[in-house]
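Residues per chain, in single letters:
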Amino acid sequence: MSTTTSGAAEVELAIGGMTCASCAARVEKKLNRMDGVEATVNYATEKARVTFREDISVADLIATVEATGYTAREPEPVRPAAEPGGAPAAEEADDLRPLRQRLTTAVVLAVPVIAMAMVPALQFTYWQWLSLTLAAPVVTYAAWPFHRAAWTNARHGAATMDTLISVGTAAAFLWSLWALFFGSAGTPGMTHPFELTIARSDGAGNIYLEAAAGVTAFILAGRYFEARSKRRAGAALKALLELGAKEVTVLRGAREVLVPVAELKAGDRFLVRPGEKIATDGKVVEGSSAVDASMLTGESVPVEVGVGDGVTGATLNAGGRLVVEATRVGADTQLARMAKLVEDAQNGKAAAQRLADRISGVFVPVVIALALGTLGFWLGNGAGLTAAFTAAVAVLIIACPCALGLATPTALMVGTGRGAQLGILIKGPEVLESTRKVDTIVLDKTGTVTTGRMTLLAVHTAEGTAATDVLRLAGALEHSSEHPIAQAVAAGAAARVGTLPAPEDFANVPGLGVQGVVDGHAVLVGREQLLAEWVMSLPDDLRRAKETAEAAGRTAIAVAWDGEARAVLEVADAVKETSPEAIRRLRALGLTPVLLTGDNRAVAEAVAAEVGIEPEHVIAEVLPQDKVDVVKRLQGEGRSVAMVGDGVNDAAALAQADLGLAMGTGTDAAIEAGDLTLVRGDLRVAADAIRLARRTLGTIRSNLFWAFAYNVAALPLAAAGLLNPMIAGAAMAFSSVFVVGNSLRLRGFQAADR
């Protein structure tokens, strides 16, 4: 998909073949070397955003990427699965099929190879030849992506984890081939005795097929689970587009015609019945209603609309019948623009460099230099060509870290498993790096700090009026209305007084409230203007209660019956009981909480005061598309920002933030855009999530240290020519056992409230 702006064009390319963050940096560097080209490449989303002069073609850009050793193409536009042409879920799953096939092959064939090498009782007469037969497909077919990436890296003078895997497994396999065909390892009855003696040998009787096969299987497993989580990067866009209506009732003269939304054109008039989603952005030309726009705007109070008012696609018609004239369709709608914001934020979000690659970038050249030095030393000391090569290859073999393949996936598997038990879902290892640096946490108000639904909070009665009478009569009348505020009153009344009577007469007064007869009383419930039409006014105490409620950002509803004003009801989006405690826990983690909302400032400051957030950390009346700008501004001030949200209006900000935490009780778009999902919708879990993510990251770091440390400790033995297969196997086994055991400690992580 490409666009053109004043002398410059912009294109987004899907990049294939990247295996680590350094690959993305290499592609970016190559593109930026082209005259008139500016590019950013994101490893996490596998996309490049390129701005270029109009005299440069997209084909030139693709050719440059391909010359670097990767593939590039213009990505398909994101379409919901239900739309004609949308890819079915089964087709999307095929992206992982090649990697899954390689992993399955590696695991099935590597397990018997490792078992035969480590258990002398399984070493029958020709076991070494069976090991070769089983290991060959693992080292060639299953490990092919590592060899291909290592070759690409070598051509550009770089070394990554792939280089280490490729060099180590190839060295182990090729040496085993030499020992089997030209050494004594192929002799019938050859065994690897279970002894850890340190003695110099020429290596002709040693094979290391279990090292080559085992490392490949372990690291492929880690890559598969990472790829599976990374594939979800585009799911936020699909979830956003799925929110819109799929079909719309268009008015063609006097006829009502049901058509797919894709066929809707600007200027068409369409019908929206109560409970239906508004198909696209437009202007009301007939009718009035309350529109629930909380998903898109974050405003907890439904918006009253009438003739001439604008409405937004994907919002919910909560009241009467509307006829809307479409003003924007397709990519021009607010929903589509929000999807674009999410995509931009995901592309711009710097993926955390993988720790293993950073270490490998230094470790690989050192190991290769040590292997060459070992070869030269023994040749110079007259040890003979075979002994010198044995020592040099042993250095490469022991440097290939079996445990390194386990370091990240085991910690992540245990950490995510424990997180799931506590209501926390961690998407992938790249998420964890951000949790260490986060110092500011931005909290969406509606549905995150508050319940996200209107609730009856207080009843103020005139002198001589019982609250139960107010609730029974007002609740009965409001129960017949579809308005969200009316439903909040009805639910609150029913919870407090039990069964509500049925009204004998009911009428909706558009924009003002409802009126009717309940138990023989003529009842009015709604705005103060409704009472004024019946020549009634609020007494001083009720007027003060109304003004106080409105000053706090709550909705005040007047109740009158039999010609007299009797009560004022307060309705608002209530603060969750757990939110104040959650704010205290977030502060204890060194985070500064910031409240961000589309609601008015009075509502925002009232909520902030209730949960313990200072007024200077309240950002109110923010449009959905501006939330991402608030996060960018905070990042521009040098802060590392976490964002907690639950609505469509939060999706772009969640993707832009250094760490996005989505409430699992929210929309799919928010959940897909977030890095961590809080299943229970309890803000206290956000503090637990950050603690768990930091603990998991610490475990991965210690795993990586020990995965290398065990192998580094054995390097002097290898360089001295004293390495036998059992020491190599033991070093790998001990490092693997340590890594798994260290990861299992995460199972003891406890939530703060348990």
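All values derive from a computational prediction rather than experimental measurement.

Our focus in this paragraph is the overall build of the protein chain. Helix and strand counts for the protein chain come out as 27 helices and 27 strands. For the protein chain, the share of sequence-separated contacts (at least 6 apart) that also reach a separation of at least 24 residues comes to 71%. Carbon and sulfur atoms provide 57% of the accessible area of the protein chain, an area that totals close to 31000 Å².

A cluster of nonpolar side chains, namely Phe 124, Tyr 126 and Leu 130, defines an oily patch on the protein surface of about 290 Å² accessible area. Turning to its location among the elements, Leu 130 is positioned in helix H5 (residues 127-142).

Here the distance between the centres and the angle between the planes together describe a pair of aromatic rings. Evaluated as defined, the whole model comprises 3 aromatic pairs. Centre to centre, the rings of Phe 377 and Trp 378 are 5.2 Å apart; their planes meet at 80 degrees, and the pair counts as edge-to-face. For Phe 377, a relative accessible area of 47% corresponds to the partly exposed category. Note on Trp 378: relative accessible area 14%, which makes it buried. The lysine or arginine in question, Arg 102, covers the ring of Tyr 141, its NZ or CZ lying 4.8 Å from the ring centre.

Across the interface, helix H4 (residues 97-118) lies against H5 with an axial gap of 9 Å and an inter-helix angle of 155 degrees. On the basis of their axis angle, the class for H4 and H5 is roughly antiparallel. Of the two possible hands of crossing, H4 and H5 adopt the one that is left-handed. Judged by residue contacts, Gln 101, Arg 102, Thr 105, Ala 106, Leu 109, Ala 110, Pro 112, Val 113, Met 116 and Ala 117 of H4 engage Trp 127, Leu 130, Ser 131, Leu 134, Ala 135, Pro 137, Val 138, Tyr 141 and Ala 142 from H5. When its residues are assigned to classes, the contact of H4 with H5 shows 15 nonpolar, 3 polar and 1 charged.

Attention shifts here to the packing of helix H21 (residues 579-588) against helix H26 (residues 684-719). As a packed pair, H21 and H26 sit with axes 7 Å apart at the nearest point and diverge in direction by 25 degrees. Regarding the angle of H21 to H26, the classification is roughly parallel. On the side of H21, the interface is formed by Glu 581, Ala 582, Arg 585 and Leu 586, while H26 contributes Arg 684, Ala 686, Ala 687, Asp 688 and Ile 690. Each residue belonging to the contact of H21 with H26 can be placed in one class, and the counts come to 5 nonpolar, no polar and 4 charged.

Let us now look at the pattern of salt bridges. On inspection of all chains with the given rule, the structure shows 27 salt bridges. Two residues, Glu 276 and Arg 273, come together in a salt bridge whose shortest N-O distance is 3.9 Å. Overall, Glu 276 belongs to the partly exposed group, its relative accessible area being 29%. Across the salt bridge formed by Lys 546 and Glu 550, the nearest N and O atoms sit 3.2 Å from each other.

The rules behind the values
- Residues numbered from 1 in each chain as written.
- Predicted model: local features only at pLDDT ≥ 70, side-chain atom pairs only at ≥ 80, totals over all residues.
- Heavy atoms only, no water.
- Helix = DSSP H or I, 4+ residues; strand = E, 2+ residues; numbered from the N terminus.
- Contact = heavy atoms within 4.5 Å.
- Areas by Shrake-Rupley, 256 points an atom, 1.4 Å probe, with all protein chains shown as cover.
- Patch = residues over 30% accessible without salt bridge, like charges linked within 9 Å, V, L, I, M, F, W, Y side chains within 5 Å.
- Salt bridge = Lys/Arg side-chain N within 4 Å of Asp/Glu carboxyl O.
- Phe/Tyr/Trp six-rings, centres within 6.5 Å; stacked < 30°, edge-to-face > 60°.
- Buried < 20%, exposed > 50% of the residue type's maximum accessible area, 1.4 Å probe, protein only.
- Lys NZ or Arg CZ within 6 Å of the ring centre and 35° of its normal.
- Axes fitted to C-alpha atoms, helices over the stretch in contact; angles between N-to-C directions.
- Parallel < 35°, antiparallel > 145°, perpendicular 65-115°, else oblique.
- Left-handed = near helix turned anticlockwise from the far one by under 90°.
- Nonpolar A, V, L, I, M, F, W, Y, C, P; charged D, E, K, R; others polar.

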